Amino acid sequence: MARMKFICDAERCIECNGCVTACKNEHEVPWGVNRRRVVTLNDGVPGEKSISVACMHCSDAPCMAVCPVNCFYKTEEGVVLHDKDICIGCGYCSYACPFGAPQFPSQGTFGVRGKMDKCTFCAGGPEEHGSQAEFDKYGRNRLAEGKLPACAEMCSTKALLAGDGDVVVDILRGRVVQRGKGAEVWGWGTAYGNQTKQGA
Amino acid sequence: MKTAFLICSVVVLAACGEKPQDSLGARTDKPVQNGTGVAAFTAPGWKAGDKDGWANHLKARATYGMNDHVRAPQ
Amino acid sequence: MLLTKKQTGTAGAVTSPFIHSLRRGLSQALPTLDRRSFLRRSGLGVGVGLAASQLSLVKKAQAATGASLLGAGKVEVKRTVCTHCSVGCAVDAVVENGVWVRQEAVFDSPINLGAHCAKGAALREHGHGEYRLRYPMKLVKGKYERISWDTALTEISAKMLELRKASGPDSVYFIGSSKHNNEQAYLMRKFVSFWGTNNCDHQARICHSTTVAGVANTWGYGAMTNSYNDMQNSKVALYIGSNAAEAHPVSLLHMLHAKENGCKMIVVDPRFTRTAAKADEYVRIRSGTDIPFLFGLLYHIFKNGWEDKQYIHDRVYGMDAVKADVLAKWTPDKVEEACGVKEDQMFKVAKMLHDNNPGTIVWCMGQTQHTIGNAMVRASCILQLALGNVGKSGGGTNIFRGHDNVQGATDVGPNPDSLPGYYGLAEGSWKHFAKTWGVDFEWIKKQFASPAMMGKNGITVSRWIDGVLENNELIDQDSNLRGVFYWGHAPNSQTRGLDMKRAMDKLDLLVVVDPYPSATAAMAAMPGKAEDLNPKRAVYLLPAATQFETSGSCTASNRSLQWREKVIDPLWESRSDHMIMHQLAEKLGFAKELSKNYKMQKVKGLDEPVPEDILREINKCVWTIGYTGQSPERLKAHMKNMNVFDVKTLKAKGGKDKETGYDFTGDYFGLPWPCYGTPELKHPGSPNLYDTSKHVMDGGGNFRANFGVEREGKSLLAEDGSHSLGADITTGYPELDHILLKKLGWWDELSDDEKKAAEGKNWKTDSSGGMMRVFMKEHGCHPFGNAKARAVVWNFPDPIPQHREPLYGTRPDMAAKYPTHDDKKAFWRLPTLYKTVQDKNIADKAYEKFPLILTSGRLVEYEGGGEETRSNPWLAELQQEAFVEINPKTAADRGVRNGDRVWLLGATGARLNVQALVTERVDAGTVWMPFHFSGRWQGADLLAHYPKGAAPIVRGEAVNTATTYGYDSVTMMQETKTTICNIEKA
């Protein structure tokens, strides 16, 4: 079974923000909500590296674990989605998420926190696939259209990869072998070392 | 009178009692491979409802679109 | 309702070791001080003026028809090309009921494989166009008021004719555009010619004009020799003065792919750029010292005998003289003194170039924007010639052009010194075009002030302000400039902003034709010096449509042409540029002549010349650079079948177009020029120039015979045995004309019709293309001859490139050793100063008041002058403040902290209020600003001076408000990359 994953190859990421605007474009994400961002380490000095970050659609999602109203669910492909009709905007998922994926559009003087918004792996939400309601609340549902997330499809250097975990990992593994380095990246063994079983 | 009071209090108190744990929460989605039904926006090469076909189509799309070493072999 | 308790099924999530270890890992990540995190971001766009209503959870796309945009209506997919940089990324625009609703990646494109940078991924916003100029406007009492198209065109043309009567056609200046498609750019040159002036130009002047002049004078054509794709075949790539990661992001796809296959990447830049972050070797040089660096490399190459002697013998003229010069002048100590690079690093880089083969060189504005830009680019060419890298796959000089169609506009558009195709301004050229245009040569001649003016290079866009401000006796034309068209060009990308404001105020007529009001509108409306303001000045804004609202071809940097399909109808009241040209020509009385050869099509009820017909006209006359083979049919077939083209070679492996049956076999994608001969000849285009390993009918070639046959007893033609594959002439030969063809005995291979057309002509003026057909197809020879490249360009100010210090510099000691040129009295119609300015700066000790080098460059989120991209909320959100990069030491010396507001003090007295970004990207003697900002002027926000509702979301100080005088000694390129300034805390 296709278990969807993102990988951003930091050797290729040039911080062009193509992934960021592709997401804005595809889902009409408003100003102030950043489903995807590029983070740069060691900016301006040798050793500078960038990586594109959005929701990692964790296997064991902390956001889902802590949500007091249980508005999260996980699809069969491993995509973590949530129901904005149930979300109460408490922000707890934002505390829990190590990647800062949950976004809250704020309005007004007191920064009233609206419903949580986050990367959906371009898989929409609990509304009917491709419906107006789904587009209004969550954006487009590219997976149901037989496409992959817009951010990865448009990445300028093919640094950001998204899709079936096996394919994505194969691509990266191929590059690592070409380069002759990269497997020493921290966490590699944990995240990508073993082939996931079909249906896992 | 007393019965009425008892009945009322039961009804009222019942409303204050703990509801059973609701483990459902969010609605869940229909399977993604059902598609959107909108042909104009759907990528060709797979049929709605065909889970394996959809998965294979996406694998091919990822390889074609993201693996430049396959597009431009050494 | 009570809070529901979480499911017991997911118990243990908080205590999962997985999450704990992730959290621990990330908290140990180094704190970042990246460009974005220090700037104000997200939350309500404070000071941005966005309505709160736009912060609905997910904004609904506006539908013109009110219907939902979910694919239920009429859906079409239009293939187009991004309109930002010259990589030429293809885009599939999905349109429903005439509204642009989706944007999809074109994986099939061999050029970008679906990839985009931030700008390309945000293109669909052009279909929203919230901050576009919506209708024609006129400046009335300091505010822009709406007027009708008819009023606008009537008044503008009347004013133009009035100026023409009083001061001649040369009193009006047309700043054209590198963002016009080929058809519009070509039409603009024609338009300007029929108006009767050569006073036209476009962005190439301030971008790669020095490249074109320097490179063309070295070996024939002044364009990128190979391609972005071909860099995948390189084993070493030297980037000098190019920040490709931000200026040409998708080119890095090819480069990083090459790196993974073992290519070494060397980046040379005064600044540690994002491109440098990907380099195997980074070299920091002092801004403006490219020649010491390049010749310092050559020193080691010559010293160690690493030059390709056979190649030089066969194909290069004058390398001996260069070698002597280099070995004498650029010893390691002198190199270190000039550019700051130590001998061991110089040697290391030279060795990398020697050990890895083939190697390519990439340069952009870092090399071109100097008073000696023409010499710098030639030094790069000489380096590659010495290494034998030109004319090879994986080698070449890969010059990355800027805007999406600057290559096309340079090739066929509004240049002050040439007609389309680099035909000069001599009578023969004019007659050639008069014939194609179907107009009487004498009629065109009469449009000009005099035959002399018809043959004289016009003023350049970099100096139009002096055309207004300079003393009339010193200008080489009758009158000063009195009217200016800013037609698809920004003002804040040219230097000397303070002087520009004065010039704008003095004009009688200023017309902006642009999809956005552009900074010109605000600069014109803002108050300046009272004594400068011309009370009779009339300022008009005409809304132009973008390239998504019309169709046409554009030429990417690798010389491939791509055809754009029209995505949507022009928004609001905007009109396509060629429609505006035609309508203005109607008012001016030469529309019939202008559009003689074109059918008209109706767009929103009005006549517009059909772009395909304009391209067909180009195909009929631009022989010189081979724009004759790229017919609309061939280009469209290519666009529909991109998947048949190989990514590394751009060659079609086979395939036929389903609709037309066109066979792609052998074609190179986009038929990169030169695509010689008629479309029927089916030349496949030339992916890598000067490549002798291929037959001329397979895109092969050799260096051009353009400079004579012999000089000082040495032959300028190629040596025996050096020729393109399969050529019947196996030695050097001059360019093709009827005499040569007859001498060779091949004249009779022409048909009778071809003979009639070719008699007395050369390959550039033979309208049948017959001579070319015989020469190339039958005999495998190159129409422009087979010669040596020139390492010594005797017609240039410095035949062998010499280092000279910039006019505004911080090293008077170096200026004494390497002084600038002498002043020029009349150069592109204007007196141009060099020595006077440099000497005065030193005498005034300007380097003490302004001890920092000010240089500028690009950001990935914005393009050019920036008004278009800063009006796109998706892009604008990412860069909300104009800033200046300052080294920590420089900042500490001035008490400046990261994020502080500072005043950047220019040598002209300009003061810019910007945010300080303290970073080690720049060294202690240099500061850097992005040049994309405008809309703020010396501390003041210009919002009030834009038309209401049509100002960019993000406004900031334009670095060019504070830049200074200084122009290239051959092309009048502006010296933007090195000037001086100081910083003080605000």
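Treat the numbers as computed from the prediction; the structure is a model and nothing was measured. (Residues numbered from 1 in each chain as written. Chains lettered and ligands numbered in written order. Predicted model: local features only at pLDDT ≥ 70, side-chain atom pairs only at ≥ 80, totals over all residues. Heavy atoms only, no water.)

### A look at the overall build of chain C
For clarity, the threshold we go by: Strands here mean DSSP runs of E at least two residues long; helices mean DSSP runs of H or I at least four residues long; both are numbered from the N terminus. Both definitions apply: the radius of gyration is a C-alpha atom measure, and the globule rule equals 2.2 Å times residues to the power 0.38. For this analysis, residues touch if any pair of their heavy atoms sits within 4.5 Å. The method behind every accessible area is Shrake-Rupley, applied with a 1.4 Å probe, and residues are considered shielded solely by the protein chains displayed. The charge count treats Lys and Arg as positive and Asp and Glu as negative. His and the chain ends do not count. Charged groups are reduced to one reference atom each: NZ for lysine, CZ for arginine, CG for aspartic acid, CD for glutamic acid.
Scanning chain C for helices and strands turns up 32 helices and 34 strands. In terms of overall size, chain C behaves like a compact globule, its C-alpha atoms giving a radius of gyration of 28 Å where 986 residues would be expected to give roughly 30 Å. C-alpha extents for chain C along the principal axes are approximately 95 × 75 × 70 Å. The long-range share in chain C, meaning contacts at least 24 apart out of those at least 6 apart in sequence, stands at 74%. As displayed, chain C has an accessible area near 30,400 Å², and 52% of this comes from carbon and sulfur atoms. Taken together, the 121 basic and 110 acidic charged side chains of chain C have centroids lying 4 Å from each other.

### Considerations on the side chain of aspartate 117 of chain A
Residues and elements named next belong to chain A. For the record, the criterion: Polar contacts, as counted here, are pairs of nitrogen or oxygen atoms within 3.5 Å of one another; within protein the pair requires one atom able to donate a hydrogen and one able to accept it, and residues that are adjacent in sequence qualify only if both atoms are side-chain atoms.
Considering the arrangement of structural elements, one finds aspartate 117 in the loop between strand E7 (112-113) and helix H4 (132-138). A distance of 2.6 Å separates the side chain of aspartate 117 from the side chain of lysine 84, its partner in a polar contact. Discounting residues that sit within four places of it in the chain, aspartate 117 has contacts with Val33, Arg35, His82, Lys84, Ala101, Pro102, Gln103 and Lys137.

### Points about the packing of aromatic side chains
Threshold: Classification of ring pairs uses Phe, Tyr and Trp, with its six-membered ring standing for Trp, and accepts pairs whose centres are within 6.5 Å; under 30 degrees between planes counts as stacked, over 60 as edge-to-face, and the remaining range as tilted. Exposure categories follow from relative accessible area, calculated using a 1.4 Å probe and restricted to protein chains: below 20% of the type maximum is buried, above 50% is exposed, and the middle band is partly exposed. Throughout this description, the term charge over a ring refers to an Arg CZ or Lys NZ atom that lies within 6 Å of the ring centre and within 35 degrees of the ring normal.
Across all of its chains, the model carries 37 aromatic pairs over all chains by this definition. A centroid spacing of 6.4 Å and a plane angle of 80 degrees characterise the contact between tyrosine 239 of chain C and phenylalanine 400 of chain C, whose relative ring orientation is edge-to-face. Residue tyrosine 239 of chain C is found in strand E8 (residues 236-240), and its partner phenylalanine 400 of chain C is found in the loop between strand E13 (397-399) and helix H14 (406-412); the two are separated by 161 residues along the sequence. With a relative accessible area of 1%, phenylalanine 400 of chain C lands in the buried category. Pairwise contacts between aromatic rings join Phe174, Phe191, Phe194, Trp195, Tyr423, Phe433, Trp437, Trp443, Phe485, Trp487 and Phe590 of chain C into one cluster. Taking the ring centre of phenylalanine 6 of chain A as reference, the NZ or CZ of arginine 36 of chain A above it sits at 4.5 Å. Sitting over the ring of tryptophan 794 of chain C, arginine 790 of chain C keeps its end group 4.4 Å from the ring centre.

### Details of the environment of glutamate 281 of chain C
Residue and element names in this part refer to chain C. The topology assignment puts glutamate 281 in strand E10 (residues 281-283). Taking C-alpha positions, glutamate 281 is 4.8 Å from isoleucine 266, a pair spaced 15 residues apart along the chain. Leaving out residues up to four positions away in the same chain, glutamate 281 has contacts with Met265, Ile266, Val267, Gln345, Lys348, Val349 and Met352. Here the side chain of glutamate 281 touches glutamine 345 through a polar contact of 2.9 Å, side chain to side chain.

### Things to note about the sheet that holds E8 of chain C
Residue and element names in this part refer to chain C. Definition in use: A pair of strands is treated as paired once DSSP finds two or more bridges between them. Whenever a helix is involved, its axis is fitted only over the stretch in contact; in every case the axis is a line through C-alpha atoms, and angles between N-to-C directions fall within 0 to 180 degrees.
Spatially, E10-E9-E8-E12-E13 is the arrangement adopted by the five strands of the open sheet, whose pairing is parallel. Both edges of this open sheet fall to E10 and E13, since each of them pairs with a single strand only. Strand-to-strand twist across the sheet, computed as the mean angle between neighbouring axes with direction ignored, equals 20 degrees. As paired elements, E8 and strand E12 (residues 359-363) share five bridges and run parallel to each other. Counted as the bridge partner of tyrosine 239 is valine 362 from E12.

### What about the interface of chain B and chain C?
Accessible area lost upon the coming together of the parts serves often as the stated size of an interface. Quick note on the threshold: By buried area we mean how much accessible surface two parts lose on assembly, using a 1.4 Å probe and totalling the loss over both. A pair is scored as a salt bridge if a Lys or Arg side-chain nitrogen falls within 4 Å of a carboxyl oxygen belonging to Asp or Glu.
The interface of chain B with chain C comprises 16 residues on the first partner and 26 residues on the second. Roughly 1,800 Å² of surface becomes buried between chain B and chain C when both sides are summed, with 55% attributable to carbon and sulfur atoms. Of all residues in chain B, Phe41, His69 and Arg71 of chain B give up the largest surface area on contact with chain C, accounting jointly for 34% of the area buried on that side. Linking chain B with chain C are zero salt bridges, by the criterion used here. Across the chain B-chain C interface, the total number found is seven residue pairs in polar contact (both at pLDDT 80 or more).

### Comments concerning the packing of helix H15 (residues 427-437) of chain C against helix H23 (residues 611-621) of chain C
Angle between the axes and distance between the axes are the two parameters that describe a pair of packed helices. Residue and element names in this part refer to chain C. For clarity, the threshold we go by: An angle below 35 degrees is read as roughly parallel, one above 145 as roughly antiparallel, one from 65 to 115 as roughly perpendicular, and any other as oblique. For any pair of crossing helices, the crossing counts as left-handed if the nearer helix is rotated counterclockwise from the farther one by less than a right angle, and right-handed if it is rotated clockwise. Side-chain classes are defined by residue name, with Ala, Val, Leu, Ile, Met, Phe, Trp, Tyr, Cys and Pro counting as nonpolar, Asp, Glu, Lys and Arg as charged, and the others, Gly among them, as polar.
Closest axis-to-axis distance for the H15/H23 pair is 10 Å, and the angle between their directions is 140 degrees. Comparing the axis directions of H15 and H23 gives the class oblique. Along this stretch, H15 crosses H23, giving a crossing that reads as right-handed. Along its contact with H15, which presents His432, Phe433, Thr436 and Trp437, the element H23 presents Glu617, Lys620 and Cys621. The residue inventory of the contact of H15 with H23, partitioned by class, reads three nonpolar, two polar and two charged.

### Re the environment of valine 172 of chain C
Residues and elements named next belong to chain C. You can see valine 172 is positioned in strand E6 (residues 172-175). As for valine 172 and leucine 161, which are separated by 11 residues in sequence, their C-alpha atoms are 10.0 Å apart. Excluding anything up to four places from it in sequence, valine 172 contacts Leu163, Trp195, Thr197, Asn199, Leu481, Gly483 and Phe485.

### Quick word on the sheet that holds strand E33 (residues 956-957) of chain C
Residues and elements named next belong to chain C. On the basis of which strands lie adjacent, the open sheet formed by three strands has the order E32-E31-E33 and mixed pairing. Bordering the open sheet on either side are strand E32 (940-941) and E33, each of which pairs with just one other strand. By the bridge criterion, two bridges tie strand E31 (residues 935-937) to E33 in an arrangement that is parallel. Looking at the pairing, arginine 936 lines up with glutamate 957 of E33.

### Observations regarding the confidence of the model for chain A
Quick note on the threshold: The pLDDT value expresses, per residue, how confident the predictor is, ranging between 0 and 100.
Per-residue confidence for chain A gives a mean pLDDT of 89; residues scoring 70 or more make up 88%. Taken as a whole, residues 195-200 of chain A scores under 50 in pLDDT and shows seven contacts with residues more than four places along the chain or in a different chain.

### A closer look at the side chain of aspartate 43 of chain A
Within the secondary structure layout, aspartate 43 of chain A lies in the loop between strand E2 (37-41) and strand E3 (49-53). A distance of 3.2 Å separates polar atoms of two side chains, one belonging to aspartate 43 of chain A and the other to arginine 921 of chain C.

### Observations concerning the pairing of strand E3 (residues 99-105) of chain C
Residue and element names in this part refer to chain C. Across the seven residues of E3, seven count as buried, placing the element largely inside the fold. Of the strand pairs in this sheet, strand E2 (residues 90-96) and E3 are connected by six bridges, and their pairing is antiparallel. Of the residues in E3, the one forming a bridge with glutamate 96 is valine 99. Here E2 folds back onto E3, and the loop between the two strands holds two residues, one of which, asparagine 97, carries a positive phi near 50 degrees.

### Some words on the pattern of salt bridges
One pass over the structure, following the stated rule, counts 91 salt bridges over all chains. Between aspartate 164 of chain A and lysine 59 of chain B there is a salt bridge; the shortest N-O distance is 3.6 Å. Of this pair, aspartate 164 of chain A sits in strand E8 (residues 160-164) while lysine 59 of chain B is found in helix H2 (residues 51-66), placing the two residues in two different chains. Overall, lysine 59 of chain B belongs to the partly exposed group, its relative accessible area being 23%. Ionic pairing is found between lysine 788 of chain C and glutamate 719 of chain C, a salt bridge with its closest N-O pair at 2.5 Å. Residue lysine 788 of chain C is located in the loop between helix H27 (770-778) and strand E23 (789-790), and its partner glutamate 719 of chain C is located in the loop between strand E22 (714-715) and helix H25 (738-743); the two are separated by 69 residues in the primary sequence. Salt bridges linked by common partners bring Glu26, Arg142, Glu145, Lys147 and Glu153 of chain A, Arg61 of chain B together with Arg102 and Glu104 of chain C together as one network.

### Describing helix H19 (residues 497-506) of chain C
Of the positions making up H19 of chain C, those classed as buried are Gly497, Met500, Lys501, Ala503, Met504 and Asp505 of chain C. On its buried face, H19 of chain C is in contact with helix H18 (464-469), strand E14 (483-487), strand E15 (509-514), helix H20 (518-525) and E31 of chain C.

### Observations regarding the environment of asparagine 415 of chain C
Residues and elements named next belong to chain C. For asparagine 415, the position within the fold is in the loop between H14 and H15. Counting along the chain gives 50 residues from asparagine 415 to isoleucine 465, while the straight-line C-alpha distance between them is 17 Å. Discounting chain neighbours no more than four positions away, the residues touching asparagine 415 are Arg189, Cys200, His202, Ala409 and Thr410. A polar contact is formed between the side chain of asparagine 415 and the side chain of histidine 202, at a distance of 3.0 Å.

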